[in-house]
Amino acid sequence: MSIRICLFLCLLFCGTGLFAQAIIQGKVQIADQSAEGATITLSGPVKWQTTTRSDGQFRVEGLPAGTYTLSCSFSGYQTSRQELQIPGKNESIIISLDPLPQSLQPVEIKALRAGVLAPFTKTNINRAFIEKNNLGQDIPFLLNQTPNVVVNSDAGNGIGYTGIRIRGSDATRINMTINGIPYNDPESQGTFFVNLPDFSSSVSSVQIQRGVGTSSNGAGAFGASMNFSTNEYNDKPYAELNNSFGSFNSFKNTIRVGSGLINKQFTLDARLSRISSDGFIDRASTNLLGAYLSGAWYLPKSTLRFNAILGKEKTYQSWYGISEADLKNNRTFNSAGTAKPGTPYENEADNYKQNHYQLFYNTSITNRLQFNTALYLTTGQGYYEQYRADEDPADYGINVNTTTDLIRQLWLKNKMYGQIFSLQYKTPKDEISLGGGWSRYPGQHFGKVVRSINQPLPTPFTWYDFDALKTDINLYAKWQRQLSDHWFAFSDLQYRHVNYTIEGFRNNPEIRTNQTWNFVNPKAGVTYKNGNWMAYGSYALANKEPNRDDFEAGAGEIPKREQLHNVELGVQRSEVVPGLQLAANAYLMYYRDQLVLTGRINDVGAYVRTNIPESYRLGIELQARYKKGKTSMDYNLSLSDNRIIDYTGYYDDYDNGGQLVKNYGNSPLSFSPGIVQQATIDYQSGKRTVFTLLNKHVGRQYLDNSGEKSRSLDPYFVNDFRIAYDVPVKKLAKQVKLILQVNNFTDRKYEPNGYTFSYVAGGEFTTENFYYPMAGINYLFAVNISL
């Protein structure tokens, strides 16, 4: 697969020089420093958008003659605009950006994100990238083309319950923040994007840090971190209507409006969204409602902002996967709801509401000293409903001798509130940040039987009700020092205190726990920068507490904390030849006591993760960006070896009781492909049309840690195609853009996710695999109108 990609790219780029007509190049500076990731937009006979490299430089080729408006935007700075004549004498430009006089300086950008010179592996994503990919699919699918990422979808089309893995680490090991505020669920430590309907329409920028990265708020980063920012300063009024429809009766409707700057002091931004889909899998329907409201008050040296992010979802369950037999004969089969005789139960659905309220205060104490703080409250409540056949009422606390069909709801009602803060001090050679935060999470787990089908039970009634409480306090200090003209040093020290109390579990109500951890997480590194070259090296230590399920283990089997040692080495050159950027980084992630599934049953009969003494991830990530004429290309390749040094698996023995044990020695970590590669190719045709080819190759993934090929997901190579067309309008709207995206246009049958279990029965060893198949060829069509 990879050979075909390389040959295709080589043939494509050999001919791109034929299209070059004019070149615009330049550099963006901020206080005598370069600005990586600034957005450059050219509007005129054609519209072209790009971002600056790590040295602040940009280059655009293939522009037809005419008059253009060049605008440059960067978070926290005034947008620069100037007129250009092509051809002309102004093709080489130096742009110096000034700070916004009344700017909001987002907390996470200053305190949590890794800067240009920070010695950590990172990818910055701006609003332009998000907009061209945002057709209704969830956030993981918008990030699918970033390095070493694998995404999946329960419904098979990227809408509803979706997942993401970075370097093989799932969402429970990826720290996620929204404007610096923790998002991961404190108990499961997962990230549920379905609870943020159309959140990407309000995101202004994202930074993904692979590895431990810099200190953040909330859950420990054990594979990566994702920092989303919505706190965008919009000085001009705007209105947008974005609508999409596509395969499987999928629809997305979004309205975005902004007031611009009112009386030189206030801004108001709002969004209302609706997303629905029937899904590729049978009955895997999704109905999502989302809203966003943000108001800011700008004073000469301070800013006050309030955000409300509201979400409501109803998703028919499709999280059981399908068996190997059904995968061959009926790829859309869904077992959810089929416990009901006759037709499947119509309301076997997940229902949840989640609202986020954020209040920020930022102030400039002096020219060198700034303070930021935020208070936040996240509320959530909901349930998933199930039709259960032949249930014993005694299991629900009712003494009835006859079994019955019933309908039950498993509820979660929770909230998380807290505060984050940071103090930043900057001189010409030093940048120092002191910060931290605290949070408190009370969670209530309870279940209701809402109806009995065959027996007259006293419904509705609650059959379990258990509380949990988690508190998290963290403090960090970061210091970046310029040692000489080309050398920079970075140090980062974090202290984290966690207390977690659980009052019982649905299946094991007698288990209670009260655990406390105190973690110290140091990080340090150096960066070398000289002209177009930059290199870095860093070491980071991370510690992470177990999640809720890990504690359902009995008094004698309390899981231990996990520990990760992470080394990152990187080098990049921004101008190898005109238009070509290259980057490479190598990493080692060495785990002590990593928690993994082994199939082992604990002393209360539950399958839980087990601490593995030693495991590691060792890899290299290569990236290339190339622009010539009307064609641009982004390519990344990740090669890795991910292993448990000494793995032992456990299998149920239904014939004799108990479990069988098998040692596999050095074995591969599950869901950690040895190769992941992506390529995105854009071609500008004429004045208004852009063609985009996106392809993705993911190597073999093992469903467990045994390394058995029979328990694995086949490698896959998937191609998507997109056409974007700017409709020529002058009076009715500022811009009308039509976008058609055809996903998996080669109709590849593939499965990016699944699970497995094995057992002995009737004297035979049996393995059952379950899969989450993705849709074949499907499409999304969008009409986006800017007023």
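About the criteria used
- Residues numbered from 1 in each chain as written.
- Predicted model: local features only at pLDDT ≥ 70, side-chain atom pairs only at ≥ 80, totals over all residues.
- Heavy atoms only, no water.
- Helix = DSSP H or I, 4+ residues; strand = E, 2+ residues; numbered from the N terminus.
- Rg over C-alpha atoms; globule rule 2.2 N^0.38 Å.
- Buried < 20%, exposed > 50% of the residue type's maximum accessible area, 1.4 Å probe, protein only.
- Areas by Shrake-Rupley, 256 points an atom, 1.4 Å probe, with all protein chains shown as cover.
- Lys, Arg positive; Asp, Glu negative; His and termini not counted.
- Charge placed at Lys NZ, Arg CZ, Asp CG, Glu CD.
- Salt bridge = Lys/Arg side-chain N within 4 Å of Asp/Glu carboxyl O.
- Core = buried A, V, L, I, M, F, W, Y, C linked by side-chain atoms within 4.5 Å.
- Patch = residues over 30% accessible without salt bridge, like charges linked within 9 Å, V, L, I, M, F, W, Y side chains within 5 Å.
- Pairing = 2+ DSSP bridges.
- Axes fitted to C-alpha atoms, helices over the stretch in contact; angles between N-to-C directions.
- pLDDT = per-residue confidence, 0-100.
- Contact = heavy atoms within 4.5 Å.
- Phe/Tyr/Trp six-rings, centres within 6.5 Å; stacked < 30°, edge-to-face > 60°.

A. Geometry of the overall build of the protein chain. Within the protein chain, the regular secondary structure consists of five helices and 43 strands. Against the compact-globule benchmark of 28 Å for 787 residues, the protein chain has a radius of gyration of 27 Å, which places it among compact chains. For the protein chain, the C-alpha atoms occupy an extent of roughly 90 × 55 × 50 Å along the three principal directions. Counting the 787 residues in the protein chain, one finds 57% classified as buried. In the structure as shown, the protein chain presents an accessible area of about 31700 Å², 56% of it carried by carbon and sulfur atoms. In the protein chain, 77 side chains carry a positive charge and 70 a negative one; their mean positions are 10 Å apart.

B. Structural view of the pattern of salt bridges. Tallied over the full model, the rule gives 25 salt bridges. In this structure, glutamate 503 engages arginine 512 in a salt bridge whose closest nitrogen and oxygen atoms are separated by 3.8 Å. Given the relative accessible area of 52%, arginine 512 is considered exposed. The partner of aspartate 593 in a salt bridge is arginine 561, with the nearest N and O atoms 3.4 Å apart. Of this pair, aspartate 593 sits in strand β31 (residues 580-601) while arginine 561 sits in the loop between β29 (533-544) and β30 (562-573), and the two are 32 residues apart along the sequence. The exposure class assigned to aspartate 593 is buried, which follows from its relative accessible area of 12%. Overall, arginine 561 belongs to the partly exposed group, its relative accessible area being 26%. When salt bridges that share partners are traced, they join Arg167, Arg210, Glu568 and Glu621 into one network.

C. Structural context of the nonpolar core. With 32 residues, the main nonpolar core has Leu143, Ile164, Ile166, Met176, Phe199, Met226 and Phe228 as its most contacted residues. Of all the elements in the fold, those that place two or more residues in this core are α4 (139-142), β10 (149-153), β11 (162-166), β12 (174-178), β14 (205-210), β15 (224-229) and β39 (716-727).

D. Representation of the environment of glycine 657. Residue placement: glycine 657 occurs in the loop between β33 (631-653) and β34 (659-668). Overall, the relative accessible area of 44% leaves glycine 657 in the partly exposed class. For glycine 657 and valine 760, which are 103 residues apart along the polypeptide, the C-alpha to C-alpha distance reads 9.6 Å.

E. Region of the structure containing a positive patch on the surface. A grouping of Lys687, Arg688, Lys730 and Lys731 is seen on the molecular surface, where their side chains present a positively charged patch. In this structure, lysine 687 sits in the loop between β35 (675-685) and β36 (689-698).

F. Main features of the sheet that holds strand β6 (residues 66-73). What the four strands build is an open sheet, ordered β4-β3-β6-β7; its pairing is antiparallel. The sheet is open, and its two borders are formed by β4 (47-51) and β7 (80-86), each paired with just one other strand. Sheet twist, expressed as the mean angle between neighbouring strand axes with direction ignored, is 20 degrees. As paired strands, β6 and β7 are joined by seven bridges and run antiparallel to one another. Residue pairing for β7: cysteine 72 is matched across the bridge by serine 80.

G. Focus on the confidence of the model for the protein chain. Counting all residues, the mean pLDDT for the protein chain is 90, and 93% of those residues have values of 70 or more. Across residues 1-20, confidence stays below pLDDT 50; counting only partners more than four residues off in sequence or on other chains, it has 30 contacts.

H. The environment of alanine 325, seen in detail. Take alanine 325: it is sitting in helix α5 (residues 324-329). Using a relative accessible area of 48% as the deciding quantity, one classes alanine 325 as partly exposed. Measuring from C-alpha to C-alpha, the distance between alanine 325 and aspartate 550 comes to 32 Å, with 225 residues separating the pair along the chain.

I. Expanded view of the packing of aromatic side chains. Inspection of the entire model under this criterion finds 29 aromatic pairs. For the ring pair tyrosine 464 and phenylalanine 466, a centre distance of 6.1 Å and an interplane angle of 20 degrees mean the geometry is stacked. Comparing tyrosine 464 with phenylalanine 466 shows no difference in burial state: the two are buried. When the ring of tyrosine 651 is compared with that of phenylalanine 765, the centres are 5.2 Å apart and the planes differ by 80 degrees; the resulting orientation is edge-to-face. Taken together, the positions of tyrosine 651 in strand β33 and phenylalanine 765 in strand β42 (residues 764-771) put the pair 114 residues apart, joining distant regions of the chain. Judged by relative accessible area, phenylalanine 765 falls into the partly exposed class, the value being 43%. Counting every residue linked through ring pairs, the aromatic cluster contains Tyr654, Tyr755, Phe757, Tyr759, Phe770 and Tyr772.

J. Molecular detail of unusual backbone geometry. Going from threonine 459 to proline 460, the amide bond is cis rather than trans, its omega being -5 degrees. Checked against the element boundaries, proline 460 lands in the loop between β25 (430-452) and β26 (461-482). With phi around 65 degrees, phenylalanine 248 is a residue other than glycine that occupies positive phi space. Mapped onto the secondary structure, phenylalanine 248 falls in the loop between β16 (238-246) and β17 (250-258).

K. The arrangement of the sheet that holds strand β13 (residues 181-182) in detail. Taken together, five strands build an open sheet; the order of strands is β9-β14-β15-β12-β13 and the sheet is mixed. The open sheet has two edge strands with one neighbour each: β9 (121-126) and β13.

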